[in-house]
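Examination of the molecular architecture
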Amino acid sequence: MNIMVAVDRNWAIGYKGSTLVAIPADRKLFREETRGKVVVMGRKTLESLPGGQPLPGRINIVLSRSADNFGKGIIVCKSLEEGLIECAKYPTEDVYVIGGQEIYEAFLPYCSVAHVTWIDYTYQADTYFPNLETDPKWVLAAESDEQTYFDLCYEFRMYCRKSALK
């Protein structure tokens with residue numbers, strides 16, 4: 001499984017239910033990478049999407065402890081175990097975990113690739129992604145040249161779980 005996340009220098013990912021910044025190239029990469037694939041998210045991430053609607057052109061799996069019916073086009077799983085069983089129905093390389101913090105933390109041990117947009121800035125934040133730079137189980141496998149969006153510098157990085165490289 002894959003993870004897609006945008007982080008700042010401190011590996012922050014959000015503040016008060018919103019992402020930290022919208023970078024058009026990051027959004028484009030996300031659309032291209034996940035189109036036709038499976039996206040896994042939590043309820044709060046679903047609610048943060050435009051209109052609280054599932055992402056079009058993808059299979060949307062939402063983890064939520066509540067019994068809510070989120071509408072058409074959403075597969076609801078009530079636990080990590082249910083989510084993993086549902087994800088196992090698809091090729092592992094086609095599954096992308098897209099947030100938020102609790103979902104990232106729960107699925108990280110089951111993922112082998114993390115696509116990280118690393119933003120060279122420190123934002124006010126209240127949600128974070130585990131720092132893969134300090135995690136001995138992960139290695140930086142690839143990174144883009146530095147990009148800019150107005151005065152903001154960022155790069156695309158791919159981290160791989162060391163055990164997946166063997």
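Our subject is the structure that appears above.
We now turn to the structure provided with this report. (Residues numbered from 1 in each chain as written. Predicted model: local features only at pLDDT ≥ 70, side-chain atom pairs only at ≥ 80, totals over all residues. Heavy atoms only, no water.)

Structural notes on the side chain of Asp 26
When you line up the elements, Asp 26 lands in helix H1 (residues 24-34). At 4.9 Å, Arg 27 is the nearest oppositely charged side chain to Asp 26, a buried residue that forms no salt bridge. A distance of 2.5 Å separates a polar atom in the side chain of Asp 26 from a polar atom in the side chain of Thr 117. In contact with Asp 26, not counting residues within four places along its chain, are Ala 6, Thr 117 and Phe 156. (Helix = DSSP H or I, 4+ residues; strand = E, 2+ residues; numbered from the N terminus. Buried < 20%, exposed > 50% of the residue type's maximum accessible area, 1.4 Å probe, protein only. Lys, Arg positive; Asp, Glu negative; His and termini not counted. Salt bridge = Lys/Arg side-chain N within 4 Å of Asp/Glu carboxyl O. Polar contact = N/O pair within 3.5 Å; in protein donor to acceptor, adjacent residues only side chain to side chain. Contact = heavy atoms within 4.5 Å.)

A short note on the pairing of strand E8 (residues 113-119)
Across the 7 residues that make up E8, a large majority, 7, are buried. Residues of E8 alternate between two faces, with Val 113, His 115, Thr 117 and Ile 119 on one and Ala 114, Val 116 and Trp 118 on the opposite face, all of them buried. Note that strand E1 (residues 2-7) and E8 share 6 bridges and pair parallel. For Met 4, the partnering residue across the bridge sits in E8 and is His 115. Direction of pairing for E8 relative to strand E12 (residues 152-161): antiparallel, over a ladder of 7 bridges. Along E12, the bridge assignment pairs Thr 117 with Phe 156. (Pairing = 2+ DSSP bridges.)

Some thoughts on unusual backbone geometry
The omega angle of the peptide bond from Gly 99 to Gly 100 is 0°, so this bond is cis rather than trans. Relative to the assigned elements, Gly 100 resides in the loop between strand E7 (95-99) and helix H4 (101-107). The phi dihedral of Trp 11 is positive, around 65°, even though this residue is not glycine. Note on placement: Trp 11 falls in the loop between E1 and strand E2 (12-15). Look at Trp 11 and you get buried, because its relative accessible area is 3%.

Re the environment of Ile 119
Following the sequence through the fold, Ile 119 ends up in strand E8. The buried category is assigned to Ile 119, whose relative accessible area is 3%. In this structure, the C-alpha to C-alpha distance between Ile 119 and Arg 9, residues 110 residues apart in sequence, is 6.3 Å. Setting aside residues up to four positions removed in sequence, Ile 119 forms contacts with Ala 6, Val 7, Asp 8, Arg 9, Val 21, Ile 23, Leu 152, Cys 153 and Tyr 154.

Structural notes on the pattern of salt bridges
Here the structure, examined in full by the defined rule, presents 8 salt bridges. Between Lys 28 and Glu 32 there is a salt bridge, with the nearest N and O atoms lying 3.8 Å from each other. Of this pair, Lys 28 and Glu 32 both sit in helix H1, 4 residues apart, which is roughly one turn of the helix. With a relative accessible area of 45%, Lys 28 lands in the partly exposed category. Look at Glu 32 and you get partly exposed, because its relative accessible area is 48%. As a salt-bridge pair, Glu 86 and Lys 89 come within 2.9 Å of each other at their nearest N and O atoms. Here the residues in one salt-bridge network are Glu 133, Glu 143, Glu 155 and Arg 157, joined through shared partners.

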